[in-house]
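Architecture and fold: a report
So the chains spell out like this:
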Amino acid sequence: MLQVNVTRKADEAEGICSFELCAADGSALPAFEAGAHIDIHIAEGLTRQYSLCNDPKERHRYLISVLKDPSSRGGSKAMHEQIRSGQTLTISTPRNLFPLDRSANRHLLFGGGIGITPMLAMAYELSHQRADFELHYCFRSSERAAFVAMLAHTPFAGRIKFHDDSGAQRQKLDASALLATPDASTHLYVCGPAGFMNYILNAAQNAGWSQSQVHKEFFAAAPIDESANAPFEVELASTGQVFQIPAERTVFEVLDEACIAIESSCEQGICGTCVTRVLKGIPEHRDKFLTESEQAANDRFTPCCSRAKSSRLVLDL
Ligand code: FES
């Protein structure tokens, strides 16, 4: 955990604020890689993850950007309405679950709306490496597009393509055309709202891009229909203890209450922090983190949201 001061809070676009965070004791902050995020403890019981969007070479600050989401579960609303410049916050050190693949020769970055944030850090890093890349920034309208003016002054300005949904047809992103020919040495990175993610991911899949070349970060899981949830059991392989998981509770909640520590972060199946090995039984995967083939292997699952198809799961805990 780190104590940081909010040294600047700024309106970047309609509904989007950025927050500059510097160490409260004035020291250098821990280094981060492009794609990393931090957990921000906004209030008691309210922790949210935000991607770092500044140049990873900077050690004097972290920059995050937050969209006020009308369907907010509390996090983005509190960030906008309660967090002020000059305030001290507790944050985690950066963690990277969305890294660049350094084996690729070319990188195509796709940021939709606030999904531009991890792409900015990636573009800085790739630009320092003199790597071959393109950044596609899609937004609903210019009023809702953060950082456009700033981007014109970056060293990678010439590699950015802006796609305004409310603008002329010719500048809109045609993902099927752009991704029509898969190239084994190119990797794709996608972040944004669900509709945008699906648009890019479907175009890549239909064109035959391999899953291993496509990297994605979701903001929020789609709502899950919990009405058909059934109870099941989990057994801890190390002790043989068995826990009943009722229909209305998650494995994570039940084990956490019993002081069985599993690291967690998003608690919605998108970050992968809680991934746990399954030694026996068939999970019912509900996460957005594991790939289809990883889910099909049934040897890992996300206890924060996934359940079981079999009556018992034996976990490597
Ligand atoms: Fe994020 Fe489970 S805590 S996937």
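Scope of this entry: the structure provided in the associated data block. Throughout this document, residue positions are counted from 1 along each chain, in the order its sequence is written. Local features are withheld for residues below a pLDDT of 70 in this predicted model, meaning they are given only at 70 or higher, and side-chain atom pairs are given and counted only at 80 or more; totals for whole chains, interfaces and linings count all residues. Water and hydrogen atoms play no part in the side-chain values, which are based on all heavy atoms of the structure.

Before going further, it helps to spend a moment on the pairing of strand β9 (residues 132-139). Regular strands place their side chains on alternate faces of the sheet. β9 sits mainly inside the fold: seven of its eight residues count as buried. Following DSSP output, two strands are said to pair if at least two bridges run between them. Numbering of helices and strands runs from the N terminus, with a helix taken as a DSSP run of H or I at least four residues long and a strand as a DSSP run of E at least two residues long. Judged from the seven bridges that link them, strand β8 (residues 106-112) and β9 form a sheet pairing that is parallel. If you follow His107 over to β9, its bridge partner there is Phe133. If the strands point away from the viewer and the path from the first strand over the helix to the second runs clockwise, then the crossover is right-handed. Note on the crossover from β8 through helix α2 (residues 116-128) to β9: the handedness is right-handed. With a 1.4 Å probe rolled over the protein chains alone, any residue whose accessible area is under 20% of its type maximum counts as buried; one over 50% counts as exposed, and the rest are partly exposed.

It is worth spelling out the state of the cysteines at this point. Between two cysteines, a covalent bond joining their sulfur atoms is known as a disulfide. Working definition: a disulfide is two cysteine sulfur atoms within 2.5 Å of each other. Taken as a whole and judged by the stated rule, the model has zero disulfides. With no disulfide of its own, Cys22 has Cys53 as its nearest cysteine by sulfur position, at a separation of 13 Å.

The next thing to look at is unusual backbone geometry. One non-glycine residue, Arg130, lies in the positive phi region at around 55 degrees. As for its placement among the helices and strands, Arg130 is situated in the loop between α2 and β9. Residue class for Arg130 comes out exposed when judged on its relative accessible area of 78%. Positive phi values are uncommon outside glycine, yet Asn298 reaches one of about 55 degrees. By secondary structure assignment, the location of Asn298 is in the loop between α7 (292-297) and β17 (300-301).

The next subject is the sheet that holds strand β15 (residues 276-280). Pairing is mixed in the open sheet, where five strands are placed in the order β14-β13-β19-β15-β17. This sheet does not close on itself; its edge strands, each paired only once, are β14 (242-245) and β17. Strand direction decides the pairing type here: strand β13 (residues 232-236) and strand β19 (residues 312-315), joined by four bridges, are parallel. Bridging across to β19, Glu235 finds its partner in Val314.

Another aspect to go through is the environment of Tyr124. On the secondary structure map, Tyr124 appears in helix α2. Looking at Tyr124, the relative accessible area reads 15%, which means it is buried. The sequence separation of Tyr124 and Thr154 amounts to 30 residues, and the corresponding C-alpha distance is 8.3 Å. Contact criterion: two residues are considered in contact whenever any of their non-hydrogen atoms come within 4.5 Å of each other. Apart from the residues within four sequence positions on either side, Tyr124 is in contact with Cys53, Asn54, Asp55, Pro56, Met150, Thr154 and Phe156.

A few words on the pattern of salt bridges. Basic side-chain nitrogens of Lys or Arg form a salt bridge, by our definition, when they fall within 4 Å of a carboxyl oxygen of Asp or Glu. Across all of its chains, the model carries 18 salt bridges by this definition. A salt bridge links Glu263 to Arg95, with the shortest nitrogen-to-oxygen separation between them at 3.4 Å. Pair noted here: Glu263 is in the loop between α6 (251-257) and β15 and Arg95 is in strand β7 (residues 95-96), with a separation of 168 residues, a long-range link. What makes Arg95 partly exposed here is its relative accessible area of 22%. Here Arg249 and Glu257 are joined by a salt bridge, their closest N and O atoms 3.2 Å apart. Taking the relative accessible area as the measure of exposure, Glu257 reaches 58% and is therefore exposed. Here the residues in one salt-bridge network are Arg106, Asp132, Glu134 and Arg159, joined through shared partners.

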